[in-house]
Structure formats: C-alpha cells, structure tokens
Amino acid sequence: MKIVVCIKQVPDTNEVKLDPITNTLIRDGVPSIINHDDKSGIEAALILKERFGGTVSVVCMGPPQADVALREALAMGCDEAYLVSAREFGGSDTWATASIISAALTNIGYDLVITGRQAIDGDTAQVGPQIAETLGIPQVSYAEEIYDIEDGNKVIVKRQFEDRYHIIEVKMPCLLTALAELATPRYMHAGGIIDAYKKDVKLLGYDDLKDQLVPEYIGLKGSPTNVFKSFTKQAKGTGTILKDLSPDEAVEAIIAKLDERHII
Amino acid sequence: MDFKLNKTHLLQQEMFRRFAENEVKPLAEEMDETEIYNMELLAKMHKVGLMGIPYSKEYGGVGGDYLGYSLAMEEISKHDGSSGITISVHTSLACSCVDGFGTEEQKQMWLRPMVDGSKTGCYGLTEPNAGSDAAGQQTKAVLDGDHYIINGTKIFTTNSGFADTFVMFAMTDKSAGTKGISCFVMDKSTPGLTVGPNIKRMGIRAAQNCEVSYENVRVPVSQRIGKEGAGFKIAMKALDGGRIGIAAQSVGIAQGALNEAIKYVKERKQFGKRISSFQNTQFKIAELQTQIDAARLLTWRAAVSKDDHENFAQNAAMAKLFASEMVNDVCRAAVQLMGGYGYCREYPVERALRDAKITEIYEGTSEVMKMVIAGSMKIF
C-alpha cells in the first residue's frame, strides 16, 4: 500500500502579530510550520503503515524553503519526500495547485492519498477535494477516524458532519481529507532528524511533470480565482448582556431587540 | 569559524523546544512541589530520543553529538532543571562510562537498553566522605573468585530513585590510591543494592537524588567496566563530558528565567508606565542576555571540541564554571525584575533561582573547575 500525504507549509498563526497601526498581519520573522490538519494526516498515514504495512510518501508544493517541512515529515517517520516547486507554478490558486499536485501524484503513484482538511492561512478546504476530482478518484472529506482497511483495498472511514457522522467504505485508490482529530501527531525523533537530512528530498519541477500537466491549468495564468479585494475584518463592538431574566422575559427582550433593528 | 547551527541541529533544536514547551513545562511546577519525577514524562523523553543523543545508532542511540545534546539540555532546562539533570546524568555520566570504556559485549548488554529508550541509568561516585575529594572512596569491592563483593554507601546518586542501571565506583585496592578505584555496572535488582528516599533539597527537587547502599552486593567480573584500577580515570572522563551538560543546563535555566522576566516587564505597569520602558530594566536585560550568550558560546565550544575528539576538559570546565555562576546571577536578577511576584512560587523564576544553585556544586564545584582549568594551564 502506497500512502501519499500532501502537506502545506504555512505561517505559524500563533506567532503572528498584528501591526498596531495598519492592523495587518506582520509576516516577517514568523516561523513556518506544517499545517496542523496535514500533520494529522501524516500521523494517520504512519499509523496505517504500522498496522497494515506499506510506505508513506509526503508531497509538498511550495518554494525551496518548504524543504524543512518535508524534513520534519521524514523525521516523523515518512519514507520519502517530494518537493513540487517551479517558477511556472507560482501564483497558483486552489484549482491550479490541485492540478499540479495531481500531476505529481500521477508521477509518484499512490493507493491512498491523504490531505489536510484545510490550511490555516487560506482556510479554503478546496485543494484536497479538487485533487480527487482531477484524478477521478473517490474522496472522503473531514475524516475523523480511520477504522480499518479491509481486503487490502477498502478503507473504512468515519466522516464528521455538522450534526452527524457517516461511516463510509471507500475503495482505493481514494483520497481522504484529515481533520486534526484524526490523529495526534508524534514528535520528530531526534535520530530521525539526522536521518532526514541524509535522505534526498526529490524535486519535481515543471520538466519532471510536464507529461502529466495540463499547461493551461497551472500558475497564475491557469488560476481562475481573482482576488477582488482583501481587507482586515473590523472587530465588532461588544454585545449587550441582558442579565437576571426569566426565560419568558429573555424571549421578550430578544424579540424586542430584533424588532427594534427591523430584523423581524 | 562558523557560529551558525547547521540544518540538522536547527531542526533538533526546534523539536526539543516543542517537546519542552508541550510536555515538560506543564508538569514542572507540580513535580517540584511533590518532589516526584513524572514517569510518563521520562518514558516520553526516551521515546523521542532525548536519552541517547550522542550515542551511535549501532547501539540504538540517536547518532547525534554533544552539540545536539547541549541544545536538548538547554531547551529542556529552560522549563525544568530537574528534567535537565535527569537527562544529563543518564546520558553523559552513566551511558558514557559504558560507551567509552565497556567491551562490545558490555555495550550490547548495558549501553543499548539505556540509549534505545528502554532503561534509565544513574552514576554513583560521591560518598558521604568523598565529595570533591572523589579519590577518598570508602566503598570497597573485594574479588572473590569470578565475582566482586561490594560494600559501602553512595550519596546524591541522581536518578537512583527510578534507575534501572547503576554505574558505580568502588575501591579495589586502597593502597593504590586513585589507581585502586574500579568501575562497575549492575541492574537495580541486584541483591544487596538498596535505594533510600529522595533527599530533601533546595532545588531540582523532582530529580531523584538518593542515598544508595551496597551491602554484600555480588557482581560478576564481567560487570566491571574497564580494567581494575581504571575507575577514577573513567569517572573523571565522564565528568568532563557531564560538565558540558551542566553548562547547557545552566544556560537553559537562565534563558528560561530571563524569558519569563521579559514577558513580565512588558506587561507590568508602575508609575503609569510599563516597567520595560525604564532604562534600568532595559540595561539589566541587555546585560543578562549578554551573559547568557557568552555562556552559551563557551558551552557550544566545549561541545564541539568534544565532538571533534580534541582535549576538551578545560573547555568543559570553563563553560561550566562560567555558566553555573552566570545562571545564579541571572536568576537572582530575574526575580528582582519581577519583584514580589518573582518571589512567589506561582512564577517559575522562583524555582529557577532554587534550581540554579546546584549547578555550582555538582559534577565538580566551581572551585574544582578552577583546579581543572589551572591544571590544564599547567599553573602549579
């Protein structure tokens, strides 16, 4: 079983501070980390490998600095790492990113693809499902637990919903998007770090993937998303707290407020 | 000359930092209060390789070096001096005796489980009447056929409260002085070996530092490390390496305390201003950080000289002498910067100040460090 985990290197939002004057994020000097959900995906893959055998490969699309994210994945126990990086890939939106990563996955080969649910810097939750669509394989998003792999080719997954969950049997090759709850990531091993830097991170550039790529679906030009405007969300004023009311009085007070604002 | 850590060391440092913040920091206060080391934490430290950093993968170790080990000691000690000494005694004292002087068979039997994450080691040299004068060992080992019979008492044996593997020293030939001491390794279950309660101390209270008595303890000759009479050399060699760990521990405790004080002065307001805006505060912090960095560089130099197989004893002694005195100054100043709150147990600088003192005492006092340095300089 060949498991491939797709990861993204993101700024550590815990370390991000706001510029007090412009109210925008200060990104300078902010450390980069592996996106949390993706790291759960790595852990889930490593657990599957320990239970059922196979290999775990990790793929990251990004600039050369993303190398350290891949080394971390290797130090956690992944077998091989691929950095998907090329000038032509710059400026890709989720569609183009999914198109490029799909090409990389076709190049590498896979039975089970795991991505994180969404990245903390963009929060789109689109790339995983888009990869599955591009590759034409079944997908289970919001995976909360992987119960089993049956007959060597069927994954039994619990998918979280807002008000319920589904238990789904899905035939490999397939793609799962991992929630942070899927697995608590292990620490890198101190010795694993030494090994990680002895291994090669394989670079997949434009030329390596050109046979699998659709040229009009990559980079800025291949990205249908247009950023119309970006702005800093203004903090809302503090709410009003109505205290010491009986349930009936509370209902009345709320209705009065809604009525006052012409909401109802 | 390159003062930058390489990529491997940087990622190790990051991993040690995350581990320390997530696993050590939340437990440190409670462990200090209860004077009990958390065994789950010990198991976790073994699991991520923190207990076998400078040892070969051939024996199940991490395959790292003393620089990496120093980084670990600093990051862990930033939050807990007790965890620092637990790692240090195991790594640079217990393991190093077997690694440096054991036979291949002994390494497989005793070193492997200590560095692959399954067993914890301790090191017994100090006795009630043999401290800085370690040559004055009263514990005796008498050869009886193919066994030694060991009798005596060791004190302040760090880790002995939970250790599986005991490395210890005993006099095999009193008339030969320092050349009459031998080194032994044994399992905690060896009959006649008894560990007393954790000795009540001012600092590093969670470390398990007990009296260990050896009463007619029979160990086979195959458990003697090195030649008969080589024990003192083995003990001193181990302490040379251990001092790098204590220097790094001192740097960690100091940086941890200063970080807390910096956080505090940026929030605390007096006289209508943040106290970080006072020049006295700024100058004090500038001085303290400079002292910490100087100690860190001495520590790294000592570690690299050991990794490069140079004669590192003087570098290690200088690093420990400077770093251990520095950490006491820094912690005292950190408490002062935080005023009454710094003195409260609620804030970790109070514990840091108590933990700091021992660094000037164990693994050779500051006075012994000066003897080592002056000796290396051939000042007689």
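Conventions adopted
- Residues numbered from 1 in each chain as written.
- Chains lettered and ligands numbered in written order.
- Predicted model: local features only at pLDDT ≥ 70, side-chain atom pairs only at ≥ 80, totals over all residues.
- Heavy atoms only, no water.
- Pairing = 2+ DSSP bridges.
- Helix = DSSP H or I, 4+ residues; strand = E, 2+ residues; numbered from the N terminus.
- Axes fitted to C-alpha atoms, helices over the stretch in contact; angles between N-to-C directions.
- Contact = heavy atoms within 4.5 Å.
- Buried area = accessible area lost by both parts, 1.4 Å probe.
- Salt bridge = Lys/Arg side-chain N within 4 Å of Asp/Glu carboxyl O.
- Nonpolar A, V, L, I, M, F, W, Y, C, P; charged D, E, K, R; others polar.
- Parallel < 35°, antiparallel > 145°, perpendicular 65-115°, else oblique.
- Left-handed = near helix turned anticlockwise from the far one by under 90°.
- Buried < 20%, exposed > 50% of the residue type's maximum accessible area, 1.4 Å probe, protein only.
- Disulfide = S-S within 2.5 Å.

(A) Highlighting the sheet that holds strand S8 (residues 112-116) of chain A. All names here are of chain A. Across the sheet, which stays open at both edges, the nine strands sit in the order S11-S10-S9-S12-S8-S1-S6-S7-S13 with mixed pairing between neighbours. Pairing within the sheet leaves two strands with one partner each, and these edge strands are strand S11 (165-171) and strand S13 (201-204). Across this sheet, the average inter-strand angle for adjacent strands is 30°, counted without regard to direction. Bridge count for strand S9 (residues 139-150) against strand S10 (residues 154-160) is six bridges, and the pairing is antiparallel. Within S10, the position partnered with Ile146 by the bridge is Val157. Along the sheet, helix H1 (residues 36-52) makes contact with strand S1 (2-7), strand S6 (55-61), S8, S9 and strand S12 (174-178), crossing S1 at roughly 170°. The strands touched by helix H2 (residues 67-76) within the sheet are S1, S6, strand S7 (80-84) and S13, with S7 carrying the most contacts at an inclination of about 165°.

(B) The interface of chain B and chain A, seen in detail. Tallying the contact residues gives 17 residues for chain B and 13 residues for chain A. Buried area between chain B and chain A, summed over both chains or domains, comes out near 1,400 Å², and the portion from carbon and sulfur atoms is 67%. Scanning the region where chain B abuts chain A turns up two salt bridges. The shortest N-O distance in the salt bridge between A:Asp195 and B:Lys57 comes to 3.4 Å. Here the element with the most residues in the side of chain B that touches chain A is helix H1 (residues 7-34) of chain B; it accounts for 10 residues. Counted by class, the side of chain B that touches chain A contains six nonpolar, six polar and five charged residues.

(C) Main features of the packing of helix H3 (residues 94-108) of chain A against helix H4 (residues 127-135) of chain A. Residues and elements named next belong to chain A. One can describe the packing of H3 onto H4 by two numbers: an axis separation of 8 Å at closest approach and a directional angle of 55°. If you check the angle between H3 and H4, you find them oblique. At the point where H3 passes H4, the crossing takes the right-handed sense. Residue-level contacts link Thr94, Trp95, Thr97, Ala98, Ser99, Ile101, Ser102, Leu105 and Thr106 of H3 to Val127, Gln130, Ile131, Thr134 and Leu135 of H4. Looking at side-chain class alone, the contact of H3 with H4 contains seven nonpolar, seven polar and no charged residues.

(D) Just the pattern of salt bridges, in detail. Residue and element names in this part refer to chain B. A complete count under the given rule lists 37 salt bridges over all chains for this structure. With a closest N to O distance of 3.4 Å, Glu75 and Arg17 form a salt bridge. A residue pair is termed long-range when its members are at least 10 positions apart, and Glu75 in helix H3 (residues 66-79) and Arg17 in helix H1 qualify at 58 residues. Residue Glu75 is classed as buried on the basis of its relative accessible area of 2%. One continuous salt-bridge network, built from bridges that share partners, spans Asp32, Glu35, Lys200, Arg205, Glu350 and Arg354.

(E) Molecular detail of the state of the cysteines. All told, the structure shown has zero disulfides over all chains when counted by the stated rule. The thiol of A:Cys60 is unpaired, and the distance to the nearest cysteine sulfur, on A:Cys6, comes to 9.4 Å. Assessed through its relative accessible area of 0%, A:Cys60 is described here as buried. Of the cysteine sulfurs around B:Cys122, a residue in no disulfide, the closest is that of B:Cys210, at 8.9 Å.

Interpretation note: all reported values are geometric properties and have no functional meaning in isolation.
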